[in-house]
Amino acid sequence: MNYFKALGIIFGLLALLKPFYMHLLPWDENRFLEKFYSEKRPPWIIPIALFGLALIALTWYLHFTLDIAHSIYISVLFSLTGLKALTFIFDYNSFQKAVARMLRKDRGRNIVMIDIGVAVFGLIILVATFILY
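Structural notes, computed from the coordinates.

The rules behind the values
- Residues numbered from 1 in each chain as written.
- Predicted model: local features only at pLDDT ≥ 70, side-chain atom pairs only at ≥ 80, totals over all residues.
- Heavy atoms only, no water.
- Helix = DSSP H or I, 4+ residues; strand = E, 2+ residues; numbered from the N terminus.
- Buried < 20%, exposed > 50% of the residue type's maximum accessible area, 1.4 Å probe, protein only.
- Contact = heavy atoms within 4.5 Å.
- Areas by Shrake-Rupley, 256 points an atom, 1.4 Å probe, with all protein chains shown as cover.
- Lys, Arg positive; Asp, Glu negative; His and termini not counted.
- Charge placed at Lys NZ, Arg CZ, Asp CG, Glu CD.
- Salt bridge = Lys/Arg side-chain N within 4 Å of Asp/Glu carboxyl O.
- Patch = residues over 30% accessible without salt bridge, like charges linked within 9 Å, V, L, I, M, F, W, Y side chains within 5 Å.
- Phe/Tyr/Trp six-rings, centres within 6.5 Å; stacked < 30°, edge-to-face > 60°.
- Arc of directions from axis to C-beta.

Another point: the overall build of the protein. Each helix and strand counted, the protein has 8 helices and 0 strands in total. Ordered by position from the N terminus, the helices and strands of the protein form the series α-α-α-α-α-α-α-α. Over its C-alpha atoms, taken along the principal directions, the protein stretches across nearly 45 × 30 × 20 Å. Relative to its full complement of 133 residues, the protein shows a buried share of 32%. Put simply, 78% of the contacts in the protein that link residues at least 6 apart link residues at least 24 apart. Carbon and sulfur atoms make up 70% of the accessible area of the protein, which amounts to about 8,500 Å² in all. On the protein, the mean spot of the 13 positive side-chain charges and the mean spot of the 8 negative ones are 3 Å from each other.

Structure follows, in structure tokens:
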């Protein structure tokens with residue numbers, strides 16, 4: 001299995017299943033998100049964001065050095081995660097305030113809607129992965 005197929009399957013499944021593991025399992029996801037995205041940036045955020053950016057850089061390196069058809073699609077889609085990583089590094093406070101605001105409004109309904117959108121995005125990645133590879 002090539003890197004891009006594996007990345008598409010793993011990334012797609014994690015995104016597709018997000019509403020399940022965030023909202024359908026019996027636990028308080030809103031309290032988890034409040035703690036996870038605390039007002040003060042947790043110390044592990046920067047290393048995780050840098051690791052994600054390094055994985056994106058590896059993906060682009062492999063895209064340009066390996067001759068794998070259609071790798072550009074997975075590379076571009078996976079690179080979208082870099083936006084969140086960059087926000088964690090350079091503007092965490094705005095991100096945290098936005099999450100806190102969404103959690104307060106309508107008991108986190110916007111969070112659920114975002115997660116449903118993430119699931120649709122994950123489904124698109126999975127379908128594209130299986131069609132292209």
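Turning to the pattern of salt bridges, a few remarks are in order. Across all of its chains, the model carries 2 salt bridges by this definition. Put simply, D115 and K18 hold a salt bridge, and the shortest N to O gap is 3.0 Å. Note that D115 is positioned in helix α8 (residues 109-132) and K18 in helix α2 (residues 18-24), a separation of 97 residues in sequence. D28 is the salt-bridge partner of R31, the closest N and O atoms lying 3.4 Å from each other.

Mapping L126 onto the fold places it in helix α8. It is 6.2 Å that separates the C-alpha atoms of L126 and G8, two residues lying 118 residues apart in sequence. Sequence-distant contacts of L126, defined by excluding residues within four places in its chain, comprise G8, I9, G12, L13 and L16.

Another aspect to go through is a nonpolar patch on the surface. Taken together, the side chains of I10, L13, L14, L17, F20, Y21, L24, L25, W27 and F32 present a nonpolar region at the surface, about 920 Å² in accessible area. Only α1 (3-16) and α2 provide two or more residues apiece to the nonpolar patch. Mapped onto the fold, L25 is located in the loop between α2 and α3 (29-36).

Attention shifts here to the packing of aromatic side chains. Applying the stated rule across the entire model yields 11 aromatic pairs. Relative to F4, the ring of Y3 lies with its centre 5.3 Å away and its plane at 85°, an arrangement referred to as edge-to-face. The class for Y3 is partly exposed, based on a relative accessible area of 23%. Taking relative accessible area as the criterion, F4 reaches 0% and is therefore assigned buried. Judged by centre distance (5.9 Å) and plane angle (45°), the ring pair of Y37 and F88 falls under tilted. Of this pair, Y37 sits in the loop between α3 and α4 (45-65) while F88 sits in helix α6 (residues 81-90), and the two are 51 residues apart along the sequence. For the residue pair Y37 and F88, the accessibility class agrees, reading buried in each case.

All of the buried residues in α6 are G82, A85, F88 and I89. Down the axis of α6, the smallest arc covering the buried residues is 115°, so these residues share one side. Set apart from the buried face of α6 by more than 90 degrees, the exposed residues are L83 and F90. Along its buried surface, α6 packs onto α4, α5 (71-79) and α7 (92-104).

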